[in-house]
Amino acid sequence: MPPSGSTAAEEKTAVRETSSVQDKPAIQSPSPVPPPRPEELGPSAASPNPVPTPATTPATTPAPTPSPVPPSAPPPPERPSELTPAAPAPAVAAPPPAEMPAPPPRPADLGSETALAIKVEAVDDTACRRRLEGLGAVVSPLPPIALGQCGAARPLLVSSLKGVALNPPATLVCPAAEALARWTTEVQVFAERDLGAPLASLGIGTSYLCRGQNHDPDAKLSEHAFANGVDVMGYGFTGRAAIAVGPAAKGTPEAAFQANAQAKACAFFRTVLGPGSDAAHANHLHLDERERSAGHRLCQ
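As the structure is a prediction and not an experimental result, all values here were calculated from the model. In this convention, every chain numbers its residues from 1, walking through the sequence in written order. Where totals are concerned, whole chains, interfaces and linings use all residues; where local detail is concerned, this predicted model gives features only for residues with pLDDT of at least 70, and gives and counts side-chain atom pairs only at 80 or more. For the side-chain quantities, the full set of heavy atoms in the structure was used; hydrogens and water were omitted.

J.: Whenever I open this one, the packing of aromatic side chains confuses me. Can you help?
T.: For any pair of aromatic rings, the description rests on two quantities: the centre-to-centre distance and the angle between the ring planes. Here is the rule: rings of Phe, Tyr and Trp (six-membered ring for Trp) pair when centre to centre is within 6.5 Å. Planes less than 30 degrees apart are stacked, more than 60 are edge-to-face, and the remainder are tilted. Taken as a whole and judged by the stated rule, the model has three aromatic pairs. Centre to centre, the rings of F237 and F257 are 5.5 Å apart; their planes meet at 70°, and the pair counts as edge-to-face. Of this pair, F237 sits in strand 7 (residues 229–237) while F257 sits in helix 4 (residues 253–265), and the two are 20 residues apart along the sequence. A simple rule labels every residue: compare its accessible area, found with a 1.4 Å probe on the protein chains alone, to the largest value its type can have, and call it buried under 20%, exposed over 50%, or partly exposed in between. Owing to a relative accessible area of 10%, F237 belongs among the buried residues under this scheme. What counts as a helix is a DSSP run of H or I of at least four residues, what counts as a strand is a run of E of at least two, and both are numbered from the N terminus.

J.: Looking at this structure, how should I read the nonpolar core?
T.: Inside soluble globular proteins, nonpolar side chains tend to come together where they are buried. Take the buried Ala, Val, Leu, Ile, Met, Phe, Trp, Tyr and Cys residues and link them wherever side-chain atoms come within 4.5 Å; each set so joined is a nonpolar core. Ranked by internal contacts, the top residues of the largest apolar core, which has 43 residues, are L180, W183, L202, Y235, F237, F257 and L287. Of all the secondary-structure elements, those providing two or more residues to this core are helix 2 (126–134), strand 4 (156–161), strand 5 (164–172), helix 3 (174–195), strand 6 (199–204), strand 7, helix 4 and strand 10 (285–288). At eleven residues, the largest contribution of residues to this core is made by helix 3. When checking whether two residues touch, look at their non-hydrogen atoms; a contact exists if any pair is within 4.5 Å. Apart from the residues lying within four places of it in its own chain, the contact partners of L287 are L180, W183, N228, G229, V230, V232, A265, F269, T271 and V272.

J.: What am I meant to see in the environment of D125 here?
T.: For D125, the location among the structural elements is in the loop between helix 1 (5–23) and helix 2. Residue classification places D125 among the buried positions, given a relative accessible area of 7%. Measuring from C-alpha to C-alpha, the distance between D125 and V173 comes to 9.0 Å, with 48 residues separating the pair along the chain. Setting aside residues no more than four positions away along its own chain, D125 makes contact with R154 and C174.

J.: Hey, could you run me through the environment of G239 in this one?
T.: By the element assignment, G239 lies in the loop between strand 7 and strand 8 (243–244). Considering only alpha carbons, one finds G239 and P198, 41 residues apart in sequence, at a separation of 8.1 Å.

J.: Before we go on, may I ask you to explain the state of the cysteines in this structure?
T.: A disulfide bridge is the covalent bond that connects two cysteines by way of their sulfur atoms. Two cysteine sulfurs form a disulfide in these notes if their separation is within 2.5 Å. By the definition in use, this model includes three disulfides. At a sulfur-sulfur separation of 2.0 Å, the disulfide partner of C128 is C174. Negative torsions about the S-S bond denote left-handed disulfides, and the value of about -100° found for C128 with C174 makes this one left-handed. Taken as a pair, C128 in helix 2 and C174 in helix 3 lie far apart in primary sequence, 46 residues in all. Each member of the pair C128 and C174 is classed as buried. What pairs with C266 in a disulfide is C299, and their sulfur atoms sit 1.4 Å apart. The S-S bond linking C266 to C299 shows a torsion near 45°; that makes this disulfide right-handed. Separated by 33 residues along the polypeptide, C266 in the loop between helix 4 and strand 9 (271–273) and C299 in strand 11 (residues 298–299) bring together distant segments of the chain. We classify C266 as buried; its relative accessible area is 18%. Relative accessible area serves as the criterion here: at 41%, C299 is assigned to the partly exposed category.

J.: How should I be thinking about the packing of helix 3 against helix 4 in this particular structure?
T.: Axis angle and axis distance: for two packed helices, these are the angle between their axes and the distance between the axes, and together they describe the pair. At a minimum axis separation of 10 Å, helix 3 and helix 4 run at an interaxial angle of 160°. Relative to helix 4, the element helix 3 lies roughly antiparallel. Where helix 3 crosses over helix 4, the two elements pack in a sense that is right-handed. In this structure, helix 3 uses W183, E186, V187, F190, A191, R193, D194 and L195 to contact helix 4, whose residues at the interface are P253, E254, A256, F257, N260, A261, K264 and A265. Side-chain classes follow a simple rule in which Ala, Val, Leu, Ile, Met, Phe, Trp, Tyr, Cys and Pro form the nonpolar group, Asp, Glu, Lys and Arg form the charged group, and the remainder, Gly included, forms the polar group. Looking at the contact of helix 3 with helix 4 residue by residue, the class counts come to ten nonpolar, one polar and five charged. Axes, fitted as lines to C-alpha atoms, cover a helix only where it is in contact. Angles between the N-to-C directions of the axes lie from 0 to 180 degrees. The scheme is simple: roughly parallel for angles under 35 degrees, roughly antiparallel for over 145, roughly perpendicular for 65 to 115, oblique for anything else. Handedness of each helix crossing follows the sense of rotation of the near helix against the far helix: counterclockwise by less than a right angle gives left-handed, clockwise gives right-handed.

Dropping the structure here:
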C-alpha cells in the first residue's frame with residue numbers, strides 16, 4: 001500500500017535534516033579543567049614553577065650524584081701507662097757452669113777381704129741333707145764362706161753321688177748338691193741305655209768361685225759365687241772311653257747320650273746352659289739353682 005501523504009512528508013523532512021547535520025563541521029569541546037590540588041599535597045596551580053608535562057619537557061641526562069666524603073678517623077686513645085712495657089733490664093752475664101762432681105771411687109775387687117760384705121742368713125738345710133744321704137751322696141760340711149759379696153752360709157763338699165765320683169769334689173750348698181744327685185741318677189740310666197756302659201764319674205770344672213758371670217769382673221755375680229752352681233766338663237765310664245762335653249757326630253751313641261743328659265738337667269736345675277747355647281758354654285754344662293720370678297727357668 002502506498003504511504004500516506006503525511007508520512008511521506010515527514011520522511012522527506014527527516015532526510016533533509018540529516019543531510020544538513022552531516023554538512024556542518026564538528027565542534028570540538030574543550031578539555032575539562034582538572035580540579036584544584038589540595039593544599040596539603042603540594043603547591044597550588046598558581047605556583048611560579050609549574051611542573052612540566054611529559055609532552056613539553058625535553059629528555060635530559062641526570063647529573064651524577066657526588067660520592068659522600070668519608071669523615072676523617074678519630075685519633076686512637078692514648079695507651080694506659082700501666083700497659084706500656086718497661087724498659088728491658090740490662091743483660092746479666094750467666095754464671096759459669098758448675099764443675100761436674102767426680103764419680104765415686106770404684107769399689108774394691110769383689111773377692112777382696114775389704115769389699116762390702118753381704119750378710120747371708122744361714123738356711124736350715126737339715127731336711128735337705130737327709131735327702132742327700134738317701135740318694136747315696138757322700139758329703140762333708142764346710143765352714144761358712146764369706147768373701148766380700150761372695151759366700152755361702154752352710155756349704156758342703158760333695159765327693160760322690162751313689163757311686164759316681166766327682167773329680168774334683170764340688171763345693172755346693174745343699175739344694176744344688178741335691179739337684180746334682182738326682183740328675184746324676186738319670187744320667188746313669190742314659191749311659192747304660194745309650195752306651196752300654198755304667199757311669200763312673202763326672203768331670204767338674206767349677207763349683208764355688210767368687211767371680212762375675214762368664215768370668216766378667218764387671219758383670220753380675222755368677223751363681224758360682226754363692227756355691228749354687230756347678231760346671232760339668234765330661235763323663236767317665238767303666239769299660240769305655242770318657243766323653244768330653246761338646247759337639248758330637250750326629251746319629252752316634254755319644255751324641256744321643258749327651259743330648260739326653262743335657263735335656264734331662266732342665267727337670268732338676270733352674271738354669272741349664274751348654275753346647276748350642278752360646279760360645280761361652282760350648283765345652284761344658286753350666287747347672288745352677290738361681291731363683292727367678294714366677295718360677296721361670298732358663299734351659300738352653
